[in-house]
Amino acid sequence: MKPPAVSATIDLTAPGKQVGRLQFPRISNTGGWAYSFVPVATVANGEGPTVLVTGGNHGDEYEGQIAAQRLVHELRTEQVTGRVIVIPVISATASQANTRLWPSGANFNRSFPGSPDGPPNEQLADFFTRVLFPAADVVIDIHSGGRTGWFIPCSHMHVVENAAQRKAMLEGMLAWGSDYHFLYIDINGTGLLPVEAEDQGKIVITTELGGGGRVPAFVHELAWSGLTNVLRHVGVLEGEVQTRAGRGLSDAVIIDGRDPANYVITEEAGMFEGLLEPGAAVRAGDPVGRLWFPAQLGRDPEVLRAPLDGIVACVRAIPIAEPGDNVFVLGQPIEADALL
Ligand SMILES: [Zn+2]
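First, a word on scope: everything that follows refers to the structure included in this document. (Residues numbered from 1 in each chain as written. Predicted model: local features only at pLDDT ≥ 70, side-chain atom pairs only at ≥ 80, totals over all residues. Heavy atoms only, no water.)

1. Regarding the environment of Ala-295
No. 1: Structurally, the position occupied by Ala-295 is in the loop between β15 (287-292) and β16 (302-305).
No. 2: Taking the relative accessible area as the measure of exposure, Ala-295 reaches 79% and is therefore exposed.
No. 3: Each C-alpha atom, one on Ala-295 and one on Gly-270, is 8.9 Å from the other, the two residues being 25 residues apart in sequence. (Helix = DSSP H or I, 4+ residues; strand = E, 2+ residues; numbered from the N terminus. Buried < 20%, exposed > 50% of the residue type's maximum accessible area, 1.4 Å probe, protein only.)

2. Structural notes on the nonpolar core
No. 1: In this structure, Leu-52, Ile-87, Phe-108, Leu-124 and Phe-128 are the most contacted members of the largest nonpolar core, which totals 36 residues.
No. 2: At the level of elements, β2 (16-26), β3 (34-45), β5 (82-87), α3 (120-135), α4 (163-174) and α5 (193-199) are the ones that each hand at least two residues to this core.
No. 3: Per-element tally for this core: the top contributor is α3, with six residues.
No. 4: Those residues in contact with Leu-52 that lie beyond four places of it in its chain are Ile-85, Ile-87, Phe-128, Leu-132, Phe-133, Ala-136, Val-138, Val-139 and Ile-140. (Core = buried A, V, L, I, M, F, W, Y, C linked by side-chain atoms within 4.5 Å. Contact = heavy atoms within 4.5 Å.)

3. Describing the pairing of strand β4 (residues 50-55)
Looking down a regular strand, the side chains alternate between one sheet face and the other.
No. 1: Burial of β4 is extensive: six of the six residues sit out of reach of the surface.
No. 2: Neither face of β4 is open: one carries Thr-50, Leu-52 and Thr-54, the other Val-51, Val-53 and Gly-55, and all of them are buried.
No. 3: With five bridges joining them, β4 and β5 adopt parallel strand pairing. Bridge assignment links Leu-52 to a residue of β5, and that residue is Ile-85. (Pairing = 2+ DSSP bridges.)

4. Description of the layout of surface pockets
No. 1: Each pocket or cavity is described by its volume, and for the largest pocket that value is around 930 Å³.
No. 2: If you list the elements that add at least two residues to the lining of the largest pocket, you get β7 (149-151), β10 (203-208), β12 (263-265), β17 (310-316) and β19 (326-334).
No. 3: Sorting elements by how many residues they give to the lining of the largest pocket places β17 first, with three residues.
No. 4: Grouping the amino acids of the lining of the largest pocket by side-chain chemistry returns 12 nonpolar, 14 polar and seven charged.
No. 5: Estimates place the volume of the second largest pocket at around 430 Å³.
No. 6: Lining the second largest pocket are 21 residues, and of these Leu-174, His-181, Arg-244, Asp-251 and Ala-252 sit closest to its centre.
No. 7: Looking at the lining of the second largest pocket, the elements that each hand over two or more residues are α4, α6 (217-233), β11 (253-256) and β19.
No. 8: For the lining of the second largest pocket, the class distribution of residues is 10 nonpolar, six polar and five charged. (1 Å grid on protein atoms, 1.4 Å probe; cavity = no way out; pocket = protein on both sides within 12 Å on 5 of 7 lines; lining within 4 Å. Points joined across faces, edges and corners; volume = space filled by probe spheres on them. Nonpolar A, V, L, I, M, F, W, Y, C, P; charged D, E, K, R; others polar.)

5. Observations regarding the pairing of β10
No. 1: With five of six residues buried, β10 lies mostly within the body of the structure.
No. 2: The pairing of strand β6 (residues 138-142) with β10 spans four bridges and is classified as parallel. Along β10, the bridge assignment pairs Val-139 with Val-204.
No. 3: Strand direction decides the pairing type here: strand β8 (residues 154-157) and β10, joined by three bridges, are antiparallel. Paired with Ser-155 across the two strands is Thr-207, which belongs to β10.

6. Some details on the coordination of the zinc ion
No. 1: Within the protein, the atoms that donate to the zinc ion are His-58 (ND1), Glu-61 (OE), Glu-61 (OE) and His-143 (ND1), at distances of 2.1 to 2.3 Å.
No. 2: Motif for the zinc ion, donor spacing along one chain: H-x2-E-x81-H. A residue pair is termed long-range when its members are at least 10 positions apart, and His-58 in the loop between β4 and α1 (62-74) and His-143 in the loop between β6 and β7 qualify at 85 residues.
No. 3: What makes His-143 buried here is its relative accessible area of 5%. (Donors = N, O, S within 2.8 Å, 3.2 Å for Na, K, Ca; no water.)

7. What to know about unusual backbone geometry
No. 1: The omega angle of the peptide bond from Phe-112 to Pro-113 is 5 degrees, so this bond is cis rather than trans.
No. 2: Mapped onto the fold, Pro-113 is located in the loop between α2 (92-97) and α3.
No. 3: In the Ramachandran plot, Trp-33 falls in the positive-phi region, its phi being about 50 degrees despite a non-glycine side chain.
No. 4: For Trp-33, the location among the structural elements is in the loop between β2 and β3.

Here it is as structure tokens:
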């Protein structure tokens, strides 16, 4: 296969702290031989695990973008054993535009494994697949609900087949220290960044840190405390690992979203009113939201009901809804031991 179309301006294996960028061809009406830039930093010191930290896989999810920039700012070489590679804003043009997707319409999180001669999003994905993931032991990809969804702030994971990998991912997920965790499935297409990393056997830790178009201060704090605690947990960052028990907190609730019935869509266009917040316990048949029809004044709203018993994990954050839009997500509580 051709070499990657993406290059790095720094040696990703060099010791010490370095800041540079990835760059790949940009097709432009205003200049030939143009490049797109994706800033990258590495902090490396001696023998230890390599951890890849990414934010901005989706452009309008700023929680991880800010925590990862802070990590680059604060991390000192002597605090590290091994290597941390940080890409705070993968989808730079989408981040600037406050959109989930790239201006081309590409969803970076559906671009894997990528290709060196595909469109730019696939060229960048190919660099992750063939250069970054093979170099990494742990991949931390920080998401949220973006503008469209208000997700209960949590770390989450796929329940992967390999038992040792699954246990390491479960422990990494729990090390985020959030009140909730979520087990998710891919109900909406293939080509995800975490799946490619999982298929390469990596310990993959991902999040859904709120969303809804605003980042509350407590979510910034959870992004930072969770990220740094996971880095300590995997042994790349100095300092004592914090546990919920040590912080005087009860065990976190793990919400199992593996039943596809949990992902509720609207079949009609309308204006969505959420009746419950994420974290609410529901019984099957309970109203979770309503859909109003502004062009049909006088029509009764359609009540959107829980299909199963469970806990509300995510509620739509944009009231205007089109047919097929997701309006809420549920899951069922599960004990960590059931995943071992
Ligand atoms: Zn995302």
